[in-house]
Amino acid sequence: MFTPSQRMTDSSTQLIHHPYTPPEGFDAPQPGVFKASTVFFPNVAAMRTREWKDKSGYTYGLHGTPTTFVLEERIAALEGGRQCLLVSSGLAALAVVALALLQTGDEVLIPDNAYGPNLSLAQGQLARYGITHQIYDPMNLDDLATRISARTRLVWLEAAGSVTLEFPDLIAQTRLCRARGVTSALDNTWGAGLAFNPFDLDGAGLGADVSAHALTKYPSGGGDVLMGAITTRDAALHMRMKLAHMRLGLGVGVNDVEAILRALPSLPLRYAAADRGARALARWCATQPAFAQVLHPALPASPGHAHWQQVCAAADAAGQGAAAGLWSVVMHQRHTQAQVDAFCDALRLFKIGYSWGGPISLVMPYDLNDMRGSWPAHLARGTVVRFSVGLEDARDLQADLAQALAAAGLR
Ligand SMILES: *Cc1c(COP(=O)(O)O)cnc(C)c1O
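Parameters at a glance
- All residue numbers here refer to positions counted from 1 along the written sequence of the relevant chain.
- This being a predicted model, a pLDDT of at least 70 is required before a residue's local features are given, and a value of 80 or more before pairs of side-chain atoms are given or counted; all residues contribute to the totals for chains, interfaces and linings.
- Heavy atoms from the whole structure form the basis of all side-chain values; hydrogens and water molecules are not counted.
- What makes a nonpolar core is a set of buried Ala, Val, Leu, Ile, Met, Phe, Trp, Tyr and Cys residues whose side-chain atoms join them at distances within 4.5 Å.
- Accessibility here uses a 1.4 Å probe with only protein chains present; expressed as a share of the type maximum, an area under 20% marks a residue as buried, one over 50% as exposed, and anything in between as partly exposed.
- For the purposes of this entry, the term helix denotes a DSSP run of H or I that reaches at least four residues, the term strand denotes a run of E that reaches at least two, and both are numbered from the N terminus.
- Domain limits in this description derive from either an automatic procedure or a database domain assignment.
- Contact between two residues is taken to exist if any of their heavy atoms lie within 4.5 Å; hydrogens are not considered.
- Only protein atoms enter the 1 Å grid, on which a cavity is a set of points fitting a 1.4 Å probe that cannot get out and a pocket is an open set with protein on both sides within 12 Å along at least 5 of 7 lines, lining residues being those with an atom within 4 Å of a point.
- Grid points are joined across faces, edges and corners, and a volume is the space filled by probe spheres set on the points.
- Just so you know the grouping, Ala, Val, Leu, Ile, Met, Phe, Trp, Tyr, Cys and Pro go in nonpolar, Asp, Glu, Lys and Arg go in charged, and all remaining residues, Gly too, go in polar.
- Two strands qualify as a pair provided DSSP detects at least 2 bridges between them.
- Angles shown run from 0 to 180 degrees and are taken between the N-to-C directions of axes, each axis being a line fitted to C-alpha atoms and, for helices, limited to the stretch in contact.
- By convention in this text, a residue qualifies as near a molecule or strand provided that one of its non-hydrogen atoms is within 4 Å of it.
- Throughout this description, a polar contact denotes any pair of N or O atoms lying within 3.5 Å of each other; where both atoms belong to protein, one of them has to be capable of donating a hydrogen while the other can accept it, and for residues adjacent in sequence the pair is counted only when both atoms sit in side chains.
- Residue burial considers only the protein chains on display, and all accessible areas are found by Shrake-Rupley using a 1.4 Å probe.
- To qualify as sitting in a cavity or pocket, a molecule needs more than half of its atoms within 2 Å of the grid points.
- Arc definition: it is the arc formed by the directions from the helix axis to the C-beta atoms.
- Values labelled buried area give the accessible surface lost by two parts on being combined, using a 1.4 Å probe and summing over both.
- Salt bridges are defined by distance alone: a side-chain nitrogen of Lys or Arg within 4 Å of a carboxyl oxygen of Asp or Glu.
- Any two of the Phe, Tyr and Trp rings considered here, Trp counted by its six-membered ring, make a pair once their centres fall within 6.5 Å; the pair's planes then place it as stacked at under 30 degrees, edge-to-face at over 60, or tilted in between.

Looking at the nonpolar core
A general feature of soluble globular proteins is that nonpolar side chains tend to end up buried together.
Part 1: Counting residues in each nonpolar core, the largest one holds 78 residues, and the members touching the most others are W190, W327 and F343.
Part 2: It is helix α10 (residues 267-285) that provides the largest number of residues to this core, a total of 8 residues.
Part 3: Two domains each put at least three residues into this core: domain 1 (78-249) and domain 2 (266-407).
Part 4: If sequence neighbours within four positions are ignored, F343 has contacts with F291, M331, F387, L401, A404, L405, A408 and L410.
Part 5: Listed in part, the 30 residues of the second largest apolar core include A92, L94, A98 and L250.

Take a look at the structure:
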């Protein structure tokens, strides 16, 4: 006979250790959401021998589940790499690369148009560990060449550059890094694994050593998930990153992984749609007198257009080249800051917000005086406004830009 308390004990145990297990062989479009901190081992011997560093088994949630393994393999394939690590944001991907590869006395080189927080990481964190940095001109190969020294252990590359979208000579940059024996890491968020192959830029295997990608942007596609990926082709380099990743305890939420797995099949379609929309709108912007300069690597007058053609033309069957859905304008210098702000505020479909790659078009004004050591010679002077196209109809977006220019007195 059960006493009430025994019955309770029995039912709670039953709830946890119930004998039913669902049949094997479930097969459906999505690979499933496997959540764990704890992972069971069938016996002590298995616990002792199971390997956490490759994908041969499961040891602890932080080291991977079937769900994270699937996304890692798909991102590695997308980027033309062999191994991939997931981290909690694009910025965390940049940080893990730096923390894995640099030590006291080393130097890292960062392009002048890098994603801003990457420079902040060097200034605010790496400097505290005795790791120095230099900023180089991404559009001047000689400048990069003269800054590489015996202390240089890492060169960051970015194509197109953040905010101003200059396209550097990636092939020459990676060739230079190889010749000088320096590891190169590309922030590949703009290219997303679609515009070019970061590990094979010239069709002969020349490329970056590491690709860091903010999955937050196009792979997520929703503006609602933060995640980053670090992809490599070299097993030893991957292992250095993997060890740093483990020691720093950087797990990802599996529901976020699921959201990205769900969005991944439509990535090429969304990227192509964003490309079409951004090019149409950038071309229209080039006809507007309010804008002194329009920056989009597919526009012949944009800085680095020929370099963009060199590595991105192959990605598109029609030879049109591929590009992300971003473009920037330099507002004519005669327009005051208040007018530029009024223009941004007057936009209705374009929302004011950071990040990009989601369904909603975005706008953000930037003051390059706060971001660059000196004003780049290839840029007109004026406030820079960056646009990111969403998935709205481009005609509606053009009408929105036109009405906002008029509302701000810029037409
Ligand atoms: C957004 C972005 C990042 C950072 O990604 P988060 O997930 O927002 O941390 C890094 N690099 C580039 C080029 C980006 O656009």
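Some points on empty space enclosed by the protein
Part 1: Counted under the stated rule, the structure contains 1 cavity of 30 Å³ or more.
Part 2: As a volume, the largest cavity reaches approximately 40 Å³.
Part 3: Looking at the largest cavity, the residues that line it are Y218, R270, A274, G357, G358, V389, G390 and L391.
Part 4: The class makeup of the residues in the lining of the largest cavity is 4 nonpolar, 3 polar and 1 charged.

Side note on the sheet that holds strand β11 (residues 362-366)
Strands pair in a sheet through their backbones, by hydrogen bonds, and they do so in one of two ways: parallel or antiparallel.
Part 1: With mixed pairing, 5 strands are arranged side by side in an open sheet as β8-β9-β12-β11-β10. Both outer strands of the open sheet, β8 (291-295) and β10 (351-352), are each paired with one neighbouring strand and no more.
Part 2: As judged from the 5 bridges shared by β11 and strand β12 (residues 384-388), these two strands associate in the antiparallel manner. Its bridge partner being in β12, M364 is matched across the sheet by R386.
Part 3: Along the sheet face, α10 touches β8 and β9 (326-331) and points at about 15° away from the line of β9.

Structural notes on the site of the ligand
Part 1: Around the ligand, the neighbouring residues are S89, G90, L91, Y115, E158, D187, T189, A214, T216, K217, L226 and W356.
Part 2: Between the ligand and T216, the relevant distance is 2.5 Å, taken from an oxygen atom to a side-chain nitrogen or oxygen of the residue.
Part 3: For the ligand, whose free accessible area comes to 370 Å², the fraction covered by protein is 90%.
Part 4: Using a 2 Å cut-off from the grid points, one finds that the ligand occupies the largest pocket.
Part 5: Across the shell around the ligand, the residue classes tally to 5 nonpolar, 4 polar and 3 charged.

Structural notes on helix α12 (residues 337-346)
Part 1: Of all the positions in α12, only V340, F343, C344 and A346 are classed as buried. Burial along α12 is one-sided: seen end-on, the buried residues are contained in an arc of 165°. In α12, the exposed positions angled more than 90 degrees off the buried face are occupied by A338 and D345.
Part 2: On the buried face of α12, the contacting elements are β8, β9, β10, β11, β12 and α13 (394-407).

A closer look at the domain arrangement of the protein
One frequent convention defines the size of an interface as the accessible area lost when the parts assemble.
Part 1: By the assigned domains, the protein splits into domain 1 (78-249) and domain 2 (266-407).
Part 2: Between domain 1 and domain 2, the C-alpha centre-to-centre distance is 24 Å.
Part 3: Taken together, the two surfaces of domain 1 and domain 2 that pack against each other cover about 2,800 Å², and 66% of this comes from carbon and sulfur.
Part 4: Looking at the side of domain 1 facing domain 2, the largest losses of area belong to V163, W190 and Y218, adding up to 28% of the total buried there.
Part 5: At the boundary of domain 1 with domain 2, the tally comes to 0 salt bridges.
Part 6: Joining domain 1 to domain 2, the criterion identifies 9 residue pairs in polar contact (both at pLDDT 80 or more).

Observations regarding the sheet that holds strand β4 (residues 152-158)
Part 1: Spatial strand order, β1-β7-β6-β5-β4-β2-β3: 7 strands in an open sheet with mixed pairing. Each edge of the open sheet is held by one strand with a lone partner, namely β1 (83-87) and β3 (132-136). Across the sheet, the axes of successive neighbouring strands diverge by a mean angle of 20°, strand direction being ignored.
Part 2: Direction of pairing for β4 relative to strand β5 (residues 183-187): parallel, over a ladder of 5 bridges. What sits directly across from W156, in β5, is A185.
Part 3: Running at roughly 120° to β1, helix α3 (residues 66-79) makes contact with β1, β6 (210-214) and β7 (228-232) of the sheet.
Part 4: Running over the sheet, helix α7 (residues 170-179) touches β3, β4 and β5 and is turned about 170° from β4.

Some remarks on the packing of aromatic side chains
Part 1: This structure, assessed with the given rule, holds 10 aromatic pairs.
Part 2: With 5.1 Å between their ring centres and 75° between their planes, Y218 and Y271 make a pair best called edge-to-face. With Y218 in the loop between β6 and β7 and Y271 in helix α10, the pair connects residues that are 53 residues apart, well separated along the chain.
Part 3: Under the relative-accessibility criterion, Y271 is labelled buried at 3%.

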